[in-house]
Amino acid sequence: MESIASNLAEVREQIASACRKAGRSGNEVRLIAVSKTKSAGAVRQAWDAGQIEFGESYVQEFLEKLDAPELSELPLSWHFIGHLQSNKVRQIAGKVSMIHGIDKVSTAEELSRRAVQNDILVDYLLEVNVSGEGSKYGLDPASVMPAAEQCFALPGIRLRGLMTIASPEPSATRRQFAQLRQTLEKLRTEAPEPTLLTELSMGMSGDFEEAILEGSTMIRIGTAIFGWR
Ligand SMILES: *Cc1c(COP(=O)(O)O)cnc(C)c1O
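Now for a look at the structure at hand.

Conventions we followed
- Just so you know, the residues in each chain are numbered from 1, in the order the chain's sequence is written.
- Side-chain atom pairs in this predicted model are given and counted only at pLDDT of 80 or more, local residue features only at pLDDT of at least 70, and totals for whole chains, interfaces and linings cover all residues.
- The side-chain quantities take in all heavy atoms of the structure and omit both hydrogens and water.
- Put simply, DSSP H or I for four residues or longer makes a helix, DSSP E for two residues or longer makes a strand, and each gets a number counted from the N terminus.
- Between buried and exposed lies partly exposed: a residue is buried under 20% and exposed over 50% of the maximum accessible area for its type, with that area taken using a 1.4 Å probe on protein chains only.
- The cutoff for a nearby residue is simple: one of its non-hydrogen atoms must lie within 4 Å of the molecule or strand.
- Side-chain atoms alone can form a polar contact between residues adjacent in sequence; in general such a contact is a pair of N or O atoms within 3.5 Å, and within protein one must be able to donate a hydrogen while the other accepts it.
- Put plainly, a pocket is an open set of points on a 1 Å grid over the protein atoms alone with protein on both sides within 12 Å along at least five of seven lines, a cavity is a set where a 1.4 Å probe fits but cannot get out, and a lining residue has an atom within 4 Å of a point.
- Any molecule with more than half of its atoms within 2 Å of a cavity's or pocket's grid points is regarded as sitting in that cavity or pocket.
- Here the nonpolar group is Ala, Val, Leu, Ile, Met, Phe, Trp, Tyr, Cys and Pro; Asp, Glu, Lys and Arg are the charged ones; every other residue, Gly included, is treated as polar.
- Stacked, edge-to-face and tilted are the three classes for Phe, Tyr and Trp ring pairs, Trp counted by its six-membered ring, which pair at centre distances within 6.5 Å; planes under 30 degrees apart are stacked, over 60 edge-to-face, the rest tilted.
- Each salt bridge in this description consists of a side-chain nitrogen of Lys or Arg and a carboxyl oxygen of Asp or Glu lying within 4 Å of one another.

## Regarding unusual backbone geometry
Note on backbone geometry: most residues besides glycine have negative phi, and most peptide bonds are trans. For Thr37, which is not a glycine, the phi torsion comes out positive at approximately 70°. Within the fold, Thr37 resides in the loop between β1 (30-34) and α2 (40-48). Thr37 sits in the partly exposed class, given a relative accessible area of 49%.

Now the structure itself:
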């Protein structure tokens, strides 16, 4: 079995090569190591290999990892990438650098209430269902603009961009990433503070090179770093 450190080195090399191919600078794309279902020890190994940003999908598991003795002293940067229900917002607000999976105005409103209560500023992304698959969470692309318009007004939270999971159908993937990029470009033309809208969270182990070619700024990689779940 390959080690986490060598997997990470390989993924970083692939990111650099995709960036060259896209004519982008390597530091335009952040690597988020998705550690869901993996142990705190595995996260520690990735940290020891220079990885700082991590992604988690399940609230309970995330909170346990935060408190794990191997990790509790480290200045890790956590991204919550799972589907977030309103009733769980309270448990993670203030503990993550960014929340990627907000797909309802009501969840953003709850996040805003908690942020104001705790006197913090929370960065988040709206999740978009670009594939139209019924099994996926996310706003449909046509609803992004009206939802964002309601979200812009909410205090304590800042919309920073969009997130998606593409369909596994290879012929459709790149088009779906392009659609997310176009949706963000359109949103910028309407936003009160367009310079805040910089992030496109798209690309996973199987499709991150295409995501980088379409402008991804954050790729979320689990399997290629930590192995199969
Ligand atoms: C699990 C997960 C990933 C990582 O997927 P891999 O295919 O293992 O790289 C990325 N994004 C989200 C939202 C996930 O839930």
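## Structural notes on the site of the ligand
Around the ligand sit 13 residues, and of these Lys36, Ser205, Gly222, Thr223 and Arg229 come closest. At a separation of 2.6 Å, an oxygen atom of the ligand approaches a polar side-chain atom of Lys36. At 2.5 Å, a side-chain N or O of Thr223 approaches an oxygen atom of the ligand. Under a 2 Å grid-point criterion requiring more than half of the atoms, the pocket assigned to the ligand is the largest pocket. Residues belonging to the shell around the ligand are distributed by class as follows: six nonpolar, four polar and three charged.

## A closer look at the packing of aromatic side chains
Any pair of aromatic rings gets described here by the distance separating the centres and the angle formed by the planes. According to the stated counting rule, one finds two aromatic pairs in the structure shown. With a centroid separation of 5.8 Å and an interplanar angle of 45°, the aromatic rings of Phe54 and Trp78 are classed as tilted. With Phe54 in strand β2 (residues 53-56) and Trp78 in strand β3 (residues 77-80), the pair connects residues that are 24 residues apart, well separated along the chain. On the basis of relative accessible area, Phe54 is assigned to the buried category, the value being 0%. Look at Trp78 and you get buried, because its relative accessible area is 4%. With 5.5 Å between their ring centres and 70° between their planes, Phe62 and Trp78 make a pair best called edge-to-face. Residue Phe62 is found in helix α3 (residues 59-67), and its partner Trp78 is found in strand β3; the two are separated by 16 residues along the sequence. For the pair Phe62 and Trp78, a shared accessibility class is recorded, and that class is buried.

## Overview of the pattern of salt bridges
In the structure shown here, the tally under the stated rule is 15 salt bridges. Between Arg24 and Glu28 there is a salt bridge, with its nearest N and O atoms 3.1 Å apart. Relative accessible area serves as the criterion here: at 16%, Arg24 is assigned to the buried category. Relative accessible area serves as the criterion here: at 38%, Glu28 is assigned to the partly exposed category. The salt bridge partner of Lys136 is Glu133, with a shortest N-O separation of 2.7 Å. Via salt bridges that share partners, Arg174, Arg181, Glu185 and Glu214 belong to a single interconnected network.

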